[in-house]
Amino acid sequence: QLQLAESGGGSVQPGGSLRLSCAASGFNLRYYAIGWFRQAPGKEREGVGCISSSGATTYAGAVKGRFTISRDGAKSTVYLQMNSLKPEDTGIYYCAADATLGSPFCFITASPYDHWGQGTPVTVSS
């Protein structure tokens, strides 16, 4: 069984920082491409960024320069470090795994991802 669990969400003021975690069970996610997505109330789910099995990262333009994705293979965990947060960053954040073992690429569209976590809420407000 391949399962993902997000954690670290919460409330923060604009300009603040937050680090989200995506922990895998049943597999080691260092061999998979992992994507981060978010969904604001009343809006469609959108891609935030991703990290490939090789460690290469891709980010959406809205978060580039503010968010950083990293991986700790020993802990089978991927992190999303969010800095300079804005109110428009508010939403439920999800991580997802591409089941293709050793995928050298990653995408910030939802279609390649097979396994999803339950999500963790992030609220940015003053």
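Anything mentioned here points back to the structure above.
Reference entry: report on the structure contained in this document. Along each chain, the written sequence defines residue order, and numbers are assigned to residues from 1. Where local features are concerned, this predicted model is filtered to residues with pLDDT of at least 70; where side-chain atom pairs are given and counted, the filter is 80 or more; whole-chain, interface and lining totals use all residues. Values shown for side chains rest on all heavy atoms present in the structure; no hydrogens or waters enter the calculation.

A look at the pairing of strand β8 (residues 77-82)
Stated precisely, the cut-off is as follows: Only protein chains enter the accessibility calculation, which uses a 1.4 Å probe. A residue is then buried if its area is under 20% of the maximum for its type, exposed if over 50%, and partly exposed in between. Secondary structure elements follow DSSP: runs of H or I of four or more residues count as helices, runs of E of two or more count as strands, with numbering from the N terminus. At least two DSSP bridges between two strands are required for those strands to pair.
Burial of β8 is extensive: five of the six residues sit out of reach of the surface. Of the strand pairs in this sheet, strand β3 (residues 18-25) and β8 are connected by six bridges, and their pairing is antiparallel. Across the sheet, residue Ser21 finds its bridge partner in β8, namely Tyr79. The pairing of strand β7 (residues 67-72) with β8 spans six bridges and is classified as antiparallel. When the sheet's bridge partners are listed, Ile69 is paired in β8 with Leu80. In this antiparallel pair of consecutive strands, β7 and β8, the connection spans four residues, and Ser76 shows a positive phi of 50°.

Comments concerning the environment of Gln1
As for its placement among the helices and strands, Gln1 is situated in the segment before β1 (3-7). Gln1 sits 24 residues away from Ser25 along the chain, and the two C-alpha atoms are 7.7 Å apart.

Points about the sheet that holds β3
For clarity, the threshold we go by: Simply put, an axis is a line fit to the C-alpha atoms, just over the touching stretch for a helix, and the angle between two N-to-C directions goes from 0 to 180 degrees.
One open sheet accounts for four strands, arranged β1-β3-β8-β7; its pairing is antiparallel. Every interior strand has two partners, whereas the edge strands, β1 and β7, have only one. Each strand axis lies, on average, 20° off the axis of its neighbour in the sheet, ignoring direction.

Some remarks on the packing of aromatic side chains
Selection rule: A pair of Phe, Tyr and Trp rings is counted when the ring centres sit within 6.5 Å of each other, with Trp represented by its six-membered ring. The angle between the planes then sorts it: under 30 degrees is stacked, over 60 is edge-to-face, the rest tilted. The criterion is that NZ of a Lys, or CZ of an Arg, lies within 6 Å of the ring centre and within 35 degrees of the ring normal, and then a charge sits over that ring.
Inspection of the entire model under this criterion finds four aromatic pairs. Centroid distance Tyr113 to Trp116: 6.4 Å. Interplanar angle 75°. Geometry classified as edge-to-face. On the basis of relative accessible area, Tyr113 is assigned to the buried category, the value being 6%. Overall, the relative accessible area of 28% leaves Trp116 in the partly exposed class. Following the ring pairs from residue to residue traces out a cluster consisting of Phe37, Tyr113 and Trp116. Taking NZ or CZ as reference, Arg19 lies 4.3 Å from the ring centre of Tyr79, over its face. In this structure, Arg45 is placed above the aromatic ring of Trp116, and the distance from its NZ or CZ to the ring centre is 5.0 Å.

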